[in-house]
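If you want the building blocks of each chain, they are given just below.
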Amino acid sequence: MGHLRRWVPLILILCILIPLGSPRSILTAEELALVPASFLDLARSPEVSEYMVRIRRRIHEYPELGFEEFETSKLIRTELDEMGIHYRYPLAVTGVVGYIGTGKPPFVALRADMDGLDMEERVEWEHKSKVPGRMHACGHDAHVAMLLGAAKMLQGRQDELQGTVVLVFQPAEEGAGGAKMMIEHGALENVSAIFGVHVAAMDPIGAVASRAGPIMAACGFFEAVITGKGGHAAIPQYAVDPIVAASSVIVSLQHLVSREADPLDSQVVTVAKFEGGEAFNVIPDSVTIGGTFRAFSKESFHQLRQRIEEVNIGNCRTS
């Protein structure tokens, strides 16, 4: 992961030094040819690489949930102050937006999310989470460190920028709508393009992966309470078993993608929560199921949402 953090700021920065819509560069062809090598050397230097590792570990030890990233936000602002980077705060409760460059167009944004997850870290290591029940399990600690590393590199060469780099530190990515609130608060005002990255354990260390078209899907959540009639497990004929009904719903939901969706249109429906009953010999009165659905287009997303509701209601009526 350390090597990945060294490469990603480099990739992002090269996009900034060759701005959108610019007819020419203020650098000569010879100078421009040296940019990749010079930035790679800088990314590899202890000044940047060890800085990012240190920041990532500090954030990892103290994860905070969405819209509660007060200490993380404070750390970011302290680092930006030390770099001499102007910023706006607060946006969306804990969000921070910094600016490097001329203050004029084009405005190109680099974005990192800040929040952790509501889960326990079970890996024993020196920088394990010190907050019970909280963990940076999705890599947002690395994302913040990467963006601060990019900020350090860009601030050192701000005179070469032909526009303005907007540093977007976004709260509440994990389902709480932080991106929407940041946009509503003007974080992307005048922005022509935005670059975001995500660490990925399935890719080799040191690699940056991308492709044409969408990469990250839109994400929705669902929850259903299926109510029946409780009773004794030995005489199920006198009960209306919500566990059986919920099981039927779960099986039917699996057909939405495998039988109804275009195989070339990637979609996911996953039931990840099933809660009901407290005794092995008592049929409960109700069961709660919940999960997530994801799609790459608005049409597919809304279709999945509608069909999940229809399947829940339809199966419960016939069970």
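In this text, all values refer to a predicted model and were calculated from it rather than measured experimentally. (Residues numbered from 1 in each chain as written. Predicted model: local features only at pLDDT ≥ 70, side-chain atom pairs only at ≥ 80, totals over all residues. Heavy atoms only, no water.)

## Examining the nonpolar core
With 29 residues, the main nonpolar core has Ile76, Leu80, Ile100, Leu148, Leu167 and Phe169 as its most contacted residues. At the level of elements, helix H2 (29–44), helix H3 (46–61), helix H4 (70–83), strand E2 (95–101), strand E3 (107–113), helix H5 (140–155) and strand E4 (164–170) are the ones that each hand at least two residues to this core. Considering each element in turn, this core owes the most residues, eight residues, to H5. In this structure Ile76 touches Val96, Met114, Val144, Leu148 and Phe169, once residues within four positions along its chain are discounted. Counting 18 residues, the second-largest nonpolar core is a separate cluster that includes Ile226, Ile250, Val287 and Ile289. (Core = buried A, V, L, I, M, F, W, Y, C linked by side-chain atoms within 4.5 Å. Buried < 20%, exposed > 50% of the residue type's maximum accessible area, 1.4 Å probe, protein only. Helix = DSSP H or I, 4+ residues; strand = E, 2+ residues; numbered from the N terminus. Contact = heavy atoms within 4.5 Å.)

## A word on the layout of surface pockets
Here the second largest pocket is characterised by a volume of approximately 210 Å³. Forming the boundary of the second largest pocket are 13 residues, of which Phe222, Glu223, Arg305, Ile308 and Glu309 lie nearest the centre. Listing elements by their share of the lining of the second largest pocket, those giving two or more residues are strand E6 (218–227) and helix H8 (298–318). For the lining of the second largest pocket, a count of residues per class yields eight nonpolar, two polar and three charged. (1 Å grid on protein atoms, 1.4 Å probe; cavity = no way out; pocket = protein on both sides within 12 Å on 5 of 7 lines; lining within 4 Å. Points joined across faces, edges and corners; volume = space filled by probe spheres on them. Nonpolar A, V, L, I, M, F, W, Y, C, P; charged D, E, K, R; others polar.)

## Let's talk about the side chain of His143
For His143, the location among the structural elements is in helix H5. Since its relative accessible area comes to 3%, His143 is described here as buried. In terms of polar contacts, His143 uses its side chain to reach the backbone amide nitrogen of Val199, at 3.1 Å. The residues touching His143, leaving out its near neighbours within four places in the chain, are Ala112, Asp113, Cys138, Val197, His198 and Val199. (Polar contact = N/O pair within 3.5 Å; in protein donor to acceptor, adjacent residues only side chain to side chain.)

## Some remarks on the packing of aromatic side chains
Counted by the stated rule, this structure contains one aromatic pair. Ring geometry for Phe293 against Phe301: centres 4.9 Å apart, planes inclined by 35 degrees, an arrangement best described as tilted. Overall, Phe293 belongs to the buried group, its relative accessible area being 4%. Taking relative accessible area as the criterion, Phe301 reaches 15% and is therefore assigned buried. (Phe/Tyr/Trp six-rings, centres within 6.5 Å; stacked < 30°, edge-to-face > 60°.)

## Focus: H3
For H3, spanning 16 residues, the distance from its first C-alpha to its last is 22 Å, which sits close to the expected 22 Å at 1.5 Å a residue. When we look at burial in H3, the residues that qualify are Val48, Ser49, Tyr51, Met52, Ile55, Arg56, Ile59, His60 and Glu61. (Expected span 1.5 Å × (residues − 1).)

## What to know about the confidence of the model for the protein chain
Summing up the model confidence of the protein chain, the mean pLDDT is 89 and the portion of residues at 70 or higher is 89%. Confidence drops under pLDDT 50 across residues 13–25; counting only partners more than four residues distant or on other chains, this segment forms 27 contacts. (pLDDT = per-residue confidence, 0-100.)

## Thoughts on the sheet that holds E3
Strand order in the open sheet formed by five strands is E1-E2-E4-E3-E5, and the pairing between neighbours is mixed. Two strands close off the open sheet at either side, each with one partner strand: strand E1 (86–91) and strand E5 (191–196). If you compare each strand with its neighbour and ignore which way they point, the axes differ by 20 degrees on average. Strand direction decides the pairing type here: E1 and E2, joined by four bridges, are antiparallel. By the bridge assignment for E2, Leu91 is matched with Gly95. Against the sheet, H4 touches E1, E2 and E4, its axis set at about 165 degrees to E1. Those strands touched by H5 are E2, E3 and E4, and its axis lies near 145 degrees from that of E3. (Pairing = 2+ DSSP bridges. Axes fitted to C-alpha atoms, helices over the stretch in contact; angles between N-to-C directions.)

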